Amino acid sequence: MNLRSRTLLLSLSVLLIACCYSCSVEKYINPDDLVLKQNQYHIEMQDGTPATKEINAIISGAEKYSAQTPNKHLLGLMRLKMRLFCISDPSDTNWFNNYLRTKGEAPVVYDPNATLRTVQQLENLMIGQGSFNASVSFDTL
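Calculation criteria
- Residues numbered from 1 in each chain as written.
- Predicted model: local features only at pLDDT ≥ 70, side-chain atom pairs only at ≥ 80, totals over all residues.
- Heavy atoms only, no water.
- pLDDT = per-residue confidence, 0-100.
- Helix = DSSP H or I, 4+ residues; strand = E, 2+ residues; numbered from the N terminus.
- Buried < 20%, exposed > 50% of the residue type's maximum accessible area, 1.4 Å probe, protein only.
- Axes fitted to C-alpha atoms, helices over the stretch in contact; angles between N-to-C directions.
- Parallel < 35°, antiparallel > 145°, perpendicular 65-115°, else oblique.
- Left-handed = near helix turned anticlockwise from the far one by under 90°.
- Contact = heavy atoms within 4.5 Å.
- Core = buried A, V, L, I, M, F, W, Y, C linked by side-chain atoms within 4.5 Å.
- Arc of directions from axis to C-beta.

Trainee: Any details on the confidence of the model for the protein? Residues and values, ideally.
Mentor: Here the protein averages 81 in pLDDT, while 91% of its residues score no lower than 70. When pLDDT is averaged over each helix and strand of the protein, the minimum, 74, is found for helix α1 (residues 3-22) and the maximum, 88, for helix α5 (residues 112-128).

Trainee: If you had to explain the environment of I127 to someone new, which residues and values would you point to?
Mentor: For I127, the position within the fold is in helix α5. The partly exposed category is assigned to I127, whose relative accessible area is 37%. Distance in space between the C-alpha atoms of I127 and T52 is 15 Å, their sequence separation being 75 residues.

Trainee: How would you explain the packing of helix α3 (residues 80-87) against helix α4 (residues 95-103) if you had to name every residue and give the values?
Mentor: Put simply, α3 and α4 touch, their axes get as near as 7 Å, and they point 155° apart. The angle between the axes of α3 and α4 places the two elements in the roughly antiparallel class. Pair α3 / α4 crosses with left-handed handedness. Contact with α3, carried on its side by K81, L84, F85 and I87, involves L100, R101 and K103 of α4 and no other residues of that element.

Trainee: Break down the environment of Q40 for me, with residues and values.
Mentor: Looking at where Q40 falls in the secondary structure, it is placed in the loop between α1 and α2 (53-60). Residue classification places Q40 among the exposed residues on the basis of a relative accessible area of 65%. Along the chain, Q40 and T118 lie 78 residues apart, while their C-alpha atoms are 12 Å from each other.

Trainee: Mind laying out the nonpolar core, listing which residues take part and the relevant values?
Mentor: In terms of nonpolar packing, the biggest core is built from 7 residues, these being I55, I58, I59, A62, L122, L125 and M126. Looking at this core, the elements that each hand over two or more residues are α2 and α5. With sequence-adjacent residues up to four places away left out, L122 is seen in contact with Y41, A62, Y65 and V136.

Trainee: Account for α3, naming residues and giving values.
Mentor: Where α3 is concerned, the buried positions are M82, R83, F85 and C86. Each buried residue of α3 lies within a common arc of 160° when the element is viewed along its axis, so the set occupies one face.

Put into structure tokens, the structure is as follows:
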């Protein structure tokens, strides 16, 4: 590959990345809504002792009990599918916009009711595993 081809490839890559980062997610959600970025689980025992292996194993699979999951990341850096969805024009129905919308993912908006369902599911899971005094709380950052 010669220098001209490398320069062209690098320029196109930078342009594609800039285009994906410049697309605004806000045009698809209400101004007072928040985009869900991540679910994080943390264990605290009431008596201050470390969590047992069984409890850690339960929480390690907690994502499947979550009522909401954030958009997928590419290499942990960029939500490429969400950006593809945001590039498309919802008012235009040409093939390119339709293609982007089918290959992309709509932004996941934080839903407090889904959070409460997740809390209830995790409490039921802990009780089912024998932690009868389990309580689950949540925090939004």
